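Single-letter residue listing:
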Amino acid sequence: MRSFKVLIACILLWSTQAAADNPVVEMKTSVGTLRFELFADKAPKTVANFLQYVNEGTYAGTQFHRVIPDFMIQGGGFDREFRQKPTRPPVENEAGNRLKNEVGTLAMARTSNPHSATIQFFINVANNAALDFREPSTAGFGYAVFGKVTQGMDVVMRIARTPTGPGGPFRSDVPQQAVIIESVTQISDNK
């Protein structure tokens, strides 16, 4: 029995340490500040891709351009005038990492091609099991979760309740008062 307790204690210590080693980023928006833990231990390619955009300052001045209450808020790809930000090559979809698209998780946006994610991301404001990995096929790949909100969920929900309509090239779901990402800064790393 004692060895079982020691084993459980070691597992808990390891999982706490793994979480402590994950990078943390802070996102300042026009409606408040968010903080994310990035799961480099579960989605290393996705986190590296995101952090490269963060460290280059690419997200500064972009907007949350797609807001759907009870679903998600999406941003990172368009500036204030709806000009698309330049991107690097797509990152391999890591949705098979067993992380779920649950409230407060950060995931990569993509096209119908499972391996097309580049710069855009979304924050789930509902439990979106339909977006989870089921199988390695076009229909079943899902959307790669790579982080979670650790501070500022009230800001996320405020954005999710923003009135929307048409804007730029989009017919709907665009906040009528722009929600701007002012900066994203890496405040800790996994070294």
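Anything mentioned here points back to the structure above.
Notes on the structure in this doc start here. The residue count restarts for each chain, going from 1 along the sequence in the order it is written. At least 70 in pLDDT is required for a residue's local features to be given in this predicted model, at least 80 for side-chain atom pairs to be given and counted, and no such filter applies to totals for whole chains, interfaces and linings, which use all residues. Side-chain figures throughout are based on the complete set of non-hydrogen atoms in the structure, without hydrogens or water.

## Overview of the packing of aromatic side chains
The pairing test for Phe, Tyr and Trp rings, Trp by its six-membered ring, is centres within 6.5 Å, and the orientation test on the planes gives stacked under 30 degrees, edge-to-face over 60, and tilted for anything in between. Applying the stated criterion to the full structure yields 10 aromatic pairs. Aromatic side chains F50 and Y59 sit 5.2 Å apart centroid to centroid with 35° between the ring planes, which places their arrangement in the tilted category. Given the relative accessible area of 1%, F50 is considered buried. Relative accessibility thresholds used throughout: buried, under 20% of the residue-type maximum; exposed, over 50%; partly exposed, between the two (1.4 Å probe, protein chains only). Judged by relative accessible area, Y59 falls into the buried class, the value being 1%.

## A closer look at the sheet that holds strand β7 (residues 145-151)
What the 8 strands build is a closed barrel, ordered β1-β2-β7-β5-β6-β4-β3-β10; its pairing is antiparallel. Shown here is a sheet whose adjacent strand axes are inclined to one another by a mean of 35°, direction ignored. Contacts: residue pairs with any heavy atoms within 4.5 Å of one another. Lines fitted to C-alpha atoms define the axes here, with helix axes fitted over just the stretch in contact, and angles between the N-to-C directions of these axes take values from 0 to 180 degrees. Runs of H or I in DSSP of at least four residues are treated as helices and runs of E of at least two as strands, each being numbered from the N terminus. Contacts from helix α2 (residues 44-56) reach β1 (24-29), β2 (32-38), β5 (105-108), β6 (121-124), β7 and β10 (180-188) within the one sheet, and its direction differs from that of β10 by about 115°. Across the sheet, helix α3 (residues 153-160) lies against β1, β2, β3 (62-68), β4 (72-79), β6 and β7, angled at about 115° from β2, the strand it touches most. A pair of strands is treated as paired once DSSP finds two or more bridges between them.

## Topic: empty space enclosed by the protein
Both cavities and pockets are sets of points on a 1 Å grid over the protein atoms alone; in a cavity a 1.4 Å probe fits but cannot get out, in a pocket the set is open with protein on both sides within 12 Å along at least five of seven lines, and lining residues sit with an atom within 4 Å of a point. Grid points are joined across faces, edges and corners, and a volume is the space filled by probe spheres set on the points. Under the defined criterion, the tally for this structure stands at 1 cavity of 30 Å³ or more. The space that makes up the largest cavity amounts to roughly 50 Å³. Forming the walls of the largest cavity are T46, V91, E92, N93, M108, A109, R110, P114, A117, Y143 and A144. Split into classes, the residues belonging to the lining of the largest cavity amount to 7 nonpolar, 2 polar and 2 charged. Residue classes follow a fixed rule: Ala, Val, Leu, Ile, Met, Phe, Trp, Tyr, Cys and Pro count as nonpolar, while Asp, Glu, Lys and Arg count as charged, and any other residue, Gly among them, counts as polar.

## What to know about α3
Three or more residues of α3 are buried, namely V155, V156, I159 and A160. End-on view of α3: buried residues confined to an arc of 140°, all on one side of the axis. To be clear, the arc concerns the directions from the helix axis to the C-beta atoms.

## Quick word on the side chain of N97
Relative to the helices and strands, N97 resides in the loop between β4 and β5. Residue class for N97 comes out buried when judged on its relative accessible area of 11%. A distance of 3.1 Å separates a polar atom in the side chain of N97 from the backbone oxygen of E94. Contact partners of N97, with chain neighbours within four places excluded, come to K42, A43 and V145. For the purposes of these results, a polar contact is taken to be a pair of N or O atoms within 3.5 Å, where, inside protein, one atom must be able to donate a hydrogen and its partner to accept one; residues adjacent in sequence count only when each atom of the pair is a side-chain atom.

## Some points on the pairing of strand β9 (residues 170-175)
Note: strand β8 (residues 164-167) against β9, 3 bridges, orientation antiparallel. Bridging across to β9, T164 finds its partner in P175. Joining the antiparallel neighbours β8 and β9 is a turn of 2 residues, in which G168 adopts a positive phi near 55°.

## Observations concerning the pattern of salt bridges
Whenever a carboxyl oxygen of Asp or Glu lies within 4 Å of a side-chain nitrogen of Lys or Arg, that contact is scored as a salt bridge. For the structure shown, the criterion picks out 7 salt bridges. The residue K148 makes a salt bridge to E37 at a minimum N-O spacing of 4.0 Å. With K148 in strand β7 and E37 in strand β2, the pair connects residues that are 111 residues apart, well separated along the chain. Since its relative accessible area comes to 10%, E37 is described here as buried. Note that R83 is salt-bridged to D79, the shortest N-O span being 2.9 Å. According to the relative accessible area criterion, D79 is buried, its value standing at 12%. When salt bridges with common partners are traced through the structure, they connect D79, E81 and R83 into a single cluster.

In short, shape yes, function no, at least from these values alone.
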